[in-house]
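Analysis of the macromolecular model
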Amino acid sequence: MPNELPASCACGTLQGLARDLGPDTGNRLVCYCDDCQAFAHFLGKPGPVLDEHGGTEIFQTSPARFELSQGADQLRCMRLTSKGLLRWYAACCRTPVANTMATPQIPFAGVVHSFLSGGRDEALGPIRVRVQARFAHGDLAGLTTYERILPPRNLLHFAGILLRARLRGDHKRSPFFDPQTREPISIPEVLSPEARAELAKAALAGPVREA
Ligand SMILES: [Zn+2]
Ligand SMILES: [Zn+2]
């Protein structure tokens, strides 16, 4: 049974709806990689975005499942390097939104948990896998399903989601790309090597938890 969740930035300026959610329509994971951590530090909000081990919870799905109803002009994107993922956020309150490829041709959106309101466990199903554990902070004992990279069964699940999305024509229905020009709706900001080094240092130091 597919589910819906309201999608919103923290201040409520950017709002929309995520449809057809469920364990079969996406890949719910936690990523501990240094780049996801650097993105949270870039936004100045590592506390609410990262878990205590520096992980970012992401739902990998088709971008066409997201419909923005207001505040789309607040969407911005950055790249840690000139070849990196587009990392989208709401400029109004610097809430992370999603990661996409640089082209709409691959209908992929890794939606960050902070953009989804309501019960994620009910709507998305359980977290399937935790990846890039070598970048995680603190004591991981007690947490299971840690992997270095996506394990094959999970990769297959993810590939199936991408393939079905492409066959449905979802690459023409991404809220992150202009349907005519196929360009990102906001010009990506590519970080300088210096800025990236600063963020990498912050990520290495670990997530700062807000009280
Ligand atoms: Zn906002
Ligand atoms: Zn990551």
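Residues numbered from 1 in each chain as written. Chains lettered and ligands numbered in written order. Predicted model: local features only at pLDDT ≥ 70, side-chain atom pairs only at ≥ 80, totals over all residues.

1. Topic: the overall build of the protein chain
Selection criterion: Only DSSP runs of H or I reaching four residues or more are called helices, and only runs of E reaching two or more are called strands; each is numbered from the N terminus. The size measure is the radius of gyration over C-alpha atoms, and the globule rule it meets is 2.2 Å times the number of residues to the 0.38 power. Comment: burial labels come from other C-beta atoms within 10 Å of the residue's own C-beta, placed from the backbone, where a count of 20 or more is buried, 12 or fewer is exposed, and between is partly exposed. Once C-beta atoms are placed from the backbone, any two residues with those atoms within 7 Å are in contact.
Summing up its helical and strand segments, the protein chain has five helices and 12 strands in all. Taking 17 Å as the expected radius of gyration for a compact globule of 211 residues, we find that the protein chain reaches 16 Å, a close match to that expectation. Expressed as lengths along the three principal axes of its C-alpha atoms, the size of the protein chain is roughly 45 × 35 × 30 Å. Taking all 211 residues of the protein chain together, the buried fraction comes to 38%. A sequence separation of at least 24 residues applies to 68% of the contacts in the protein chain between residues at least 6 apart.

2. Here we look at the pairing of strand 1 (residues 3-8)
The line we're drawing: Any two strands are treated as partners once DSSP identifies two or more bridges connecting them.
Where strand 1 and strand 2 (residues 15-21) come together, five bridges link them in antiparallel fashion. Counted as the bridge partner of P6 is L17 from strand 2. Adjacent in sequence and paired antiparallel, strand 1 and strand 2 are bridged by six residues, among which G12 carries a positive phi angle near 90°.

3. A short note on the pairing of strand 9 (residues 109-112)
Side chains A109 and V111 project from strand 9 onto one buried face, and the interleaved G110 and V112 project onto a second face that is buried too. Here strand 4 (residues 56-61) pairs with strand 9 via four bridges, running antiparallel. In the sheet register, T61 faces strand 9, and the bridge partner there is A109. The sheet contact formed by strand 8 (residues 95-100) and strand 9 spans three bridges and is antiparallel. For T100, the partnering residue across the bridge sits in strand 9 and is A109.

4. What to know about the nonpolar core
Note the following rule: Each nonpolar core comprises buried Ala, Val, Leu, Ile, Met, Phe, Trp, Tyr and Cys residues, the members being joined through C-beta atoms within 7 Å.
Residues C31, W88, V97, A98, V111, V112 and F115 are the most contacted members of the largest nonpolar core, which totals 43 residues. Among the elements that line this core, the one with the most residues is helix 1 (residues 34-42), at five residues. Discounting chain neighbours no more than four positions away, the residues touching F115 are A7, C9, T95, P96, V97 and A98.

5. Looking at helix 5 (residues 193-205)
So the rule is basically this: Helix span is expected to be 1.5 Å times the residue number reduced by one.
Relative to the 18 Å expected for 13 residues at 1.5 Å per residue, helix 5 spans 18 Å between its end C-alpha atoms, a close match to the ideal helical length. Of the residues flanking the end of helix 5, it is G206, one or two places downstream, whose phi is positive at about 105°.

6. So, the environment of F59
Structurally, the position occupied by F59 is in strand 4. Each C-alpha atom of the pair F59 and S82 lies 24 Å from the other, and the pair is 23 residues apart in sequence. Those residues within four positions of F59 in sequence are excluded, and the remaining contacts are G26, R28, V111 and L124.

7. Looking at unusual backbone geometry
At D20, a residue that is not glycine, the phi angle is positive and equals roughly 55°. In this structure, D20 sits in strand 2.

8. Remarks on the sheet that holds strand 5 (residues 66-70)
Whether parallel or antiparallel, the strands of a sheet pair through hydrogen bonds between backbone atoms. Inclusion rule: Axis definition: a line fitted to C-alpha atoms, over the contacting stretch in the case of helices. Angles run 0 to 180 degrees between N-to-C directions.
Read from one edge to the other, the open sheet built from three strands follows the order 1-2-5, with strand pairing classed as antiparallel. With one partner strand each, in any of the chains shown, strand 1 and strand 5 form the two edges of the open sheet. Averaged over all pairs of adjacent strands, the angle between their axes in this sheet comes to 20°, without regard to strand direction. With four bridges connecting them, strand 2 and strand 5 associate as antiparallel partners. For A18, the partnering residue across the bridge sits in strand 5 and is F66.

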